[in-house]
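Letter by letter, the chains look like this.
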Amino acid sequence: MRPFTRLTSIAAALPMINVDTDMIIPKQFLKTIKREGLGRYLFHDLRYAPNGAENSGFVLNQSRYRQAQILITGTNFGCGSSREHAVWALADFGIRCVMAPSFADIFSNNCAKNGVLALNLPQHQLDRCLAMAQAARPLTVDLADQYVAMGRDGGFAFTVDNALRHQLLSGLDDIGLTEEHMDAIDAHERRSAIEFPWLWCQ
Amino acid sequence: MPRPQTLYEKIWQSHVVRSNEDGSALLYIDRHLVHEVTSPQAFAGLRQSARKVRRPELTLAMADHNVPTSKDRSFIVRDADSRLQLDILAKNAREFGITYFGMDDPRQGIVHVVGPEHGFTLPGMTIVCGDSHTSTHGAFAALAFGIGTSEVEHVLATQTLRAKPARTMRVNMDGALPFGVTSKDLILSLIGTIGTAGATGYVIEYAGEAVRNLSMEGRMTVCNMSIEAGARAGLIAPDEVTFAYLKVRASAVKGPTWERAEARWRNLPSDDGASYDKEISLDASAIAPQVSWGTSPEQVAPITASVPDPSAISDAAKRQGVLRALEYMDLKPGTKLTDIAIDRVFIGSCTNGRLEDLRAAAAVTKGRRVASHVQAMVVPGSGLVKREAEAEGIARAFIAAGFEWREPGCSLCLGMNDDRLKPGERCASTSNRNFEGRQGRGGRTHLLSPAMAAAAAITGRLSDVRELMR
């Protein structure tokens, strides 16, 4: 996994609540067998008209926000389907950090597995970031220091769950870490087979 | 005396392989369901790192999201990308030694319908699947939740997940459901009340008279849509209804093992005095049949109501959401819901594709015809449901009334196969999500119960099913 340490970028604002994963990546693009290449379909129905032309009103189609690596949005971002394709599409487009007042659970988990920071922030801090986005001035998100820097406008501290922070900073492979505990998994299976034999009936 | 525990805490605790200092745990997973859309990258990851599936015998693979529902599907899947995903799942299952129900298997169906009906799902288990509606299995008091593809790979490789304990919420659904009101109305009403993020971070335990009185099918419908309230999982304590359902289906658990299992299951319900992080109550006796009018499952109202007026909403972000939804749905504030004409009807999905659902819909259509301008389809949740419905004469009744009777799969719930709405088409649907474009770009979805969907098919507009039942 690509580690997330420190990111400096212009932010794009998507001021909508309850943005669901169908909206982030519609179903017809889930037929892939790869993780890569989904960026061009990100927010497909918002970004493109039915005839395929770019919708010029959509923020990521505007020249100053095309390179945005930070997205600022509304509550309950990523609700709905568990499709990790939503995070793959964001990451493939170049979005490495999403800021919102709240996220759906499965979506934030998926972010953590792909080096994308889903950052919960209170509205007053989001408003400061939004002002920066509107002015197309870059923000710096520093995960090690847990601080958002806003140039001459100062900045603010945030906190992220310790386990998540460690995982994003290190970029370590979860499966590899778990494999260090194979003895404990073996022991659990032996215990379970004795205590709950019906779980092992086939 | 030990501290009283909730059902959730009991299941969680008995599955902790290892506790980490940060409060997270390595959680053992008893059953893993796999489908063709969210698994290819996980299997590719295993192959890339030369890993095996740790417990193929605890894993069940199913073709459901992409499968056509037409009769000729076993000869040809026309969509090349769908065909590729289905072929790859079959190949992965073979290579890694996993049981696979392909399109031509009589047991095939939607993974959350098939699991329970074959006794794969048992109380006290942990179950995961790369699908958010895994919450369905909570009806059996199994801790069941959806995961992403990276986590699918983690479970395939290690049979565990890294997870943090959720907060607990008890939802007391008191009172008896009135005439014509179903489990679907119960859950839609709850989502309408607490919102689609109302239970984010929580596992919901559904309790109370209305829940106790539900069949296992009805309980599955309730737990299925927990995710639409933001909860990754929903739970219902096991009882005689659960045991009776399992006795005939979980045929592998028998004799003294069944006795032991049942004794344990009887100890699973939350202890008296167990505390929850949050408790809410809902008066089930006051609920009317529900129908969604917007593009989020929380945008729902009793069928007797009208399309709401956004200008009456004080919260700006919420008002904006409603305005956008009404524009997408092409609805005007104040329109009576029963005045909304529909083009399509979909009866099926992991929410409402079980035999009881089909029976309820068929009862409404009896002796009636689908309105001439409406295209209505019934997609059984599984091969077993389909055969049972055919044996009971339900299929014949649907066909006689003018419904299409299709092969099992996820179908129009998400439109990954050929079953899709055209732009502007309006559908009365028993599925679970009314998001923009969910059933096809520009398509408009109204969520409702199977009986309400049947009523809409007959009248050609959203209708109060109670008027057709009298």
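For every chain, the first residue of its written sequence is number 1, and the numbers climb from 1 along that sequence. The order in which chains are written sets their letters, starting at A; the order in which ligands are written sets their numbers, starting at 1. Local features in this predicted model are restricted to residues whose pLDDT is 70 or higher, and side-chain atom pairs enter the listing and the counts only when it is 80 or higher, whereas totals over whole chains, interfaces and linings include all residues.

### Looking at the overall build of chain A
Point 1. The numbering of helices and of strands both runs from the N terminus, where a helix is a DSSP run of H or I of at least 4 residues and a strand a run of E of at least 2. For chain A, the helix and strand inventory stands at eight helices and eight strands.
Point 2. In terms of its C-alpha atoms, chain A occupies a principal-axis envelope of roughly 65 × 45 × 25 Å.
Point 3. Any residue surrounded by 20 or more other C-beta atoms within 10 Å of its C-beta is treated as buried, while 12 or fewer makes it exposed and the intermediate range makes it partly exposed; C-beta atoms here are placed from the backbone. Each of the 202 residues in chain A was classed as buried or not, and the buried ones make up 44%.
Point 4. Two residues qualify as being in contact provided that their C-beta atoms, derived from the backbone, are within 7 Å of each other. In chain A, of all internal contacts separated by at least 6 residues, the share reaching a separation of at least 24 is 67%.

### Regarding the nonpolar core
In summary, soluble globular proteins display a tendency toward joint burial of nonpolar side chains.
Point 1. Among buried residues, those of type Ala, Val, Leu, Ile, Met, Phe, Trp, Tyr and Cys that are joined through C-beta atoms within 7 Å form a set called a nonpolar core. Ala11, Leu90 and Val98 of chain A together with Val345 of chain B are the most contacted members of the largest nonpolar core, which has 210 residues in total.
Point 2. In terms of residue count, the dominant contributor to this core is helix H16 (residues 450-459) of chain B (eight residues).
Point 3. Setting aside residues up to four positions removed in sequence, leucine 90 of chain A forms contacts with Ile24, Leu42, Ile95, Val98 and Val116 of chain A.

### Describing the sheet that holds strand S11 (residues 233-235) of chain B
Residue and element names in this part refer to chain B.
Point 1. Across the sheet, which stays open at both edges, the four strands sit in the order S11-S10-S9-S12 with parallel pairing between neighbours. Here the strands that pair on one side only, and so sit at the sheet edges, are S11 and strand S12 (278-283). Across the sheet, the mean angle from the axis of one strand to that of its neighbour is 25°, orientation sign disregarded.
Point 2. Two strands pair when backbone bridges link them, and strand S9 (residues 167-174) and strand S10 (residues 202-207) are joined in this way by six bridges, in the parallel orientation. Counterpart to methionine 169 in the pairing with S10 is isoleucine 204.
Point 3. Angles shown run from 0 to 180 degrees and are taken between the N-to-C directions of axes, each axis being a line fitted to C-alpha atoms and, for helices, limited to the stretch in contact. On top of the sheet, helix H6 (residues 183-194) reaches S9 and S12; it is set at about 125° to S12, its chief contact. Two strands are said to pair when DSSP picks up at least two bridges between them.

### Focus: the confidence of the model for chain B
Point 1. Looking at chain B as a whole, its pLDDT mean stands at 97, while 100% of the residues score no less than 70.
Point 2. Confidence metrics for the complex model read pTM 0.97 and ipTM 0.96. How sure the predictor is of each residue is captured by pLDDT, a score from 0 to 100.

### Let's talk about the sheet that holds strand S8 (residues 155-157) of chain A
Residues and elements named next belong to chain A.
Point 1. If you walk across this open sheet you meet the four strands as S1-S6-S7-S8, and the pairing is antiparallel. Two strands lie at the open edges of the sheet, namely strand S1 (6-9) and S8, each paired on one side alone. Here the average twist between neighbouring strands, direction ignored, is 10°.
Point 2. Judged from the three bridges that link them, strand S6 (residues 139-142) and strand S7 (residues 147-149) form a sheet pairing that is antiparallel. The residue of S7 that forms the bridge with valine 141 is valine 148.

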